[in-house]
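Below, each chain spelled out in residue letters.
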Amino acid sequence: MYVMHTCPDCEYVEKQVQGKANFEVIDIGTHVRYLKEFLKLRDTHPAFDEAKAIDDLGIPCYVLEDGSVTLYSKDVGLEPRPQTDGPACSIDGRGC
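These figures come from a predicted structure and were not determined experimentally. (Residues numbered from 1 in each chain as written. Predicted model: local features only at pLDDT ≥ 70, side-chain atom pairs only at ≥ 80, totals over all residues. Heavy atoms only, no water.)

### Focus: the overall build of the protein
Stated precisely, the cut-off is as follows: Note on conventions: DSSP H or I runs of at least 4 residues are helices, E runs of at least 2 residues are strands, and numbering of each starts at the N terminus. Think of it in three bands: residues with accessible area under 20% of the maximum for their type are buried, residues over 50% are exposed, and the middle band is partly exposed, with areas taken using a 1.4 Å probe on protein chains only.
Regarding its fold elements, the protein presents three helices and four strands. Across the protein, helices and strands are ordered from the amino to the carboxyl terminus as β-α-β-α-α-β-β. Counting every position in the protein, which comprises 96 residues, the buried fraction comes to 33%.

### Side note on the state of the cysteines
Spelled out, the test is: Disulfides are defined in this document as cysteine sulfur pairs within 2.5 Å.
This structure, assessed with the given rule, holds zero disulfides. Cysteine C10 shares no disulfide, and the gap to the nearest cysteine sulfur, in C7, comes to 3.2 Å. C10 provides the cysteine sulfur closest to C61, a residue in no disulfide bond, and the two sulfurs are 9.6 Å apart.

### Some points on the nonpolar core
Quick reminder of the rule: Among the buried residues, those of types Ala, Val, Leu, Ile, Met, Phe, Trp, Tyr and Cys that are joined through side-chain atoms within 4.5 Å form a nonpolar core.
M1, Y2, F38, C61 and L78 are the most contacted members of the largest nonpolar core, which has 19 residues in total. Residue assignment for this core shows that the elements contributing at least two residues are β1 (2-3), α1 (8-17) and α2 (32-44). Counting residues per element, this core draws most heavily on α1, at three residues.

### What to know about the pattern of salt bridges
Charged atoms that come close allow side chains of opposite charge to pair. Formally: We define a salt bridge as a contact between a side-chain nitrogen of Lys or Arg and a carboxyl oxygen of Asp or Glu at a distance within 4 Å.
Taken as a whole and judged by the stated rule, the model has two salt bridges. Its salt-bridge partner being R81, residue D9 comes within 2.6 Å of it at the nearest N-O pair. One end of the pair, D9, is in helix α1; the other, R81, is in the segment after β4 (69-70), and 72 residues separate them in sequence. E79 is the salt-bridge partner of K74, the closest N and O atoms lying 3.9 Å from each other.

### Things to note about the side chain of T70
Test applied: Distance and chemistry together define a polar contact, namely a pair of N or O atoms within 3.5 Å, with one atom able to donate a hydrogen and the other to accept it when in protein, and with adjacent residues in sequence counting only for side-chain atoms on both sides. Here a residue-residue contact requires only that any non-hydrogen atoms of the pair lie within 4.5 Å.
The residue T70 is located in strand β4 in this model. Classification of T70 by relative accessible area gives buried; the value is 9%. Among the polar contacts made by the side chain of T70, one reaches the side chain of D75 at a distance of 2.5 Å. Contact partners of T70, with chain neighbours within four places excluded, come to C61, Y62, L64, D75 and V76.

Function-wise, these values are silent; they only describe arrangement.
See the structure below:
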């Protein structure tokens, strides 16, 4: 799963996967290589079309073992952060 440490949504789901070997957490803010990897995926995969249309970054992002991509935490058995819970990271302040 691609995340960024400063994203409240990412932080919320990242806590849920601690100690779970079936999740690999890649923080795109820790190395430019991870950022480039994520941006290539975001620029080319249709799973990001809706996120890009509303100016969202598209994290947390989950790449499943079969190569499919989802931006929905529930699709991988995690609970998304309630949108009324805390700060937002979008430019307009509506969400992340």
